[in-house]
Amino acid sequence: MTVAHHALEVTLTRPLTPAELHHAAQVLPLAANHDATLLMILVRAKSPDRAAHRLRHRVGPRLPVDVVTTHYPDTDGQIVLNIAFPPTAHAAICDTAHRAAQPPELFIRHAIHRALDRHDRDEAARLDQAIQQLLADATPAHLLAAVGRALTHIPGAPQ
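Position labels on residues start from 1 in each chain and follow its written sequence. Where local features are concerned, this predicted model is filtered to residues with pLDDT of at least 70; where side-chain atom pairs are given and counted, the filter is 80 or more; whole-chain, interface and lining totals use all residues. Where side-chain values are given, they derive from all heavy atoms of the structure, hydrogens and water being excluded.

With respect to the side chain of Thr-70
And step 1. Put simply, DSSP marks the helices as runs of H or I at least four residues long and the strands as runs of E at least two long, and each gets a number from the N terminus on. Tracing the sequence through the fold places Thr-70 in strand β4 (residues 65-70).
And step 2. Here Thr-70 falls in the buried class, since its relative accessible area comes to 7%.
And step 3. A polar contact of 2.8 Å, which involves the side chain of Thr-70, links it to the backbone nitrogen of Val-80.
And step 4. We call two residues in contact when some of their heavy atoms are within 4.5 Å. Excluding residues within four positions of it along the chain, Thr-70 makes contact with Ala-7, Leu-8, Pro-48, Ile-79 and Val-80. Burial here depends on accessible area, computed with a 1.4 Å probe over protein chains only, as a share of the maximum for the residue type. Under 20% is buried, over 50% is exposed, and the range in between is partly exposed. Within 3.5 Å is the distance limit for a polar contact, defined as a pair of N or O atoms, with the added protein rule that one can donate a hydrogen and the other accept it, and that residues adjacent in sequence qualify only through two side-chain atoms.

What follows is the structure, given as structure tokens:
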């Protein structure tokens, strides 16, 4: 089995100092955003899960790592989300997962999927309501023409 490099995004709880950034760059190849609150790091590992674990082990104790995610989705379109919860939050999650008769990872996965589904439904309802308000003041043809004009004039969109 070949060992690949995995691109991981690291969200930090605070900006890194130049010394912290320099030290981290000595441990793993990385790139930082303009204010050193987000890092891209390449980690050599057999799987994205192992890459996130290895990153936490190698730089986690030295840096204020908040969240680690894979930069690219896997073959199933999924990304790895690696969060180190504070002990009290972790205990509460484990307790609630135990009461739901689920492993904590599965419990969190289901909770995240429910939250994303709820967000999608709320966003769709918000857009439906906004369109209904627009249709109260405009004909469907005028609204469609306005949407077409707006979509063709989005900065950075292909023309």
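Moving on from the coordinates now.
Thoughts on the pairing of strand β1 (residues 4-12)
And step 1. Where β1 meets strand β3 (residues 38-45), eight bridges bridge the pair, whose relative direction is antiparallel. Among the inter-strand pairings, Glu-9 is bridged to a residue of β3, identified as Met-40.
And step 2. When DSSP finds two or more bridges between two strands, those strands count as paired. Sheet topology places β1 next to β4; five bridges connect them, and they run antiparallel. Note on β4: the bridge partner recorded for Glu-9 is Thr-69.

Describing the confidence of the model for the protein
And step 1. Residue-level confidence of the predictor is summarised by pLDDT, bounded by 0 at the bottom and 100 at the top. This prediction gives the protein a mean pLDDT of 88; 96% of its residues lie at or above 70.
And step 2. No element of the protein has a lower mean pLDDT than strand β5 (residues 81-83), which averages 87, and none a higher one than helix α3 (residues 87-99), which averages 94.

Let's talk about the environment of Leu-134
And step 1. Mapped onto the fold, Leu-134 is located in helix α4 (residues 104-137).
And step 2. Accessibility expressed as a relative area gives 46% for Leu-134, which makes it partly exposed.
And step 3. Along the sequence, Leu-134 and His-34 sit 100 residues apart, while their C-alpha atoms lie 39 Å from each other.

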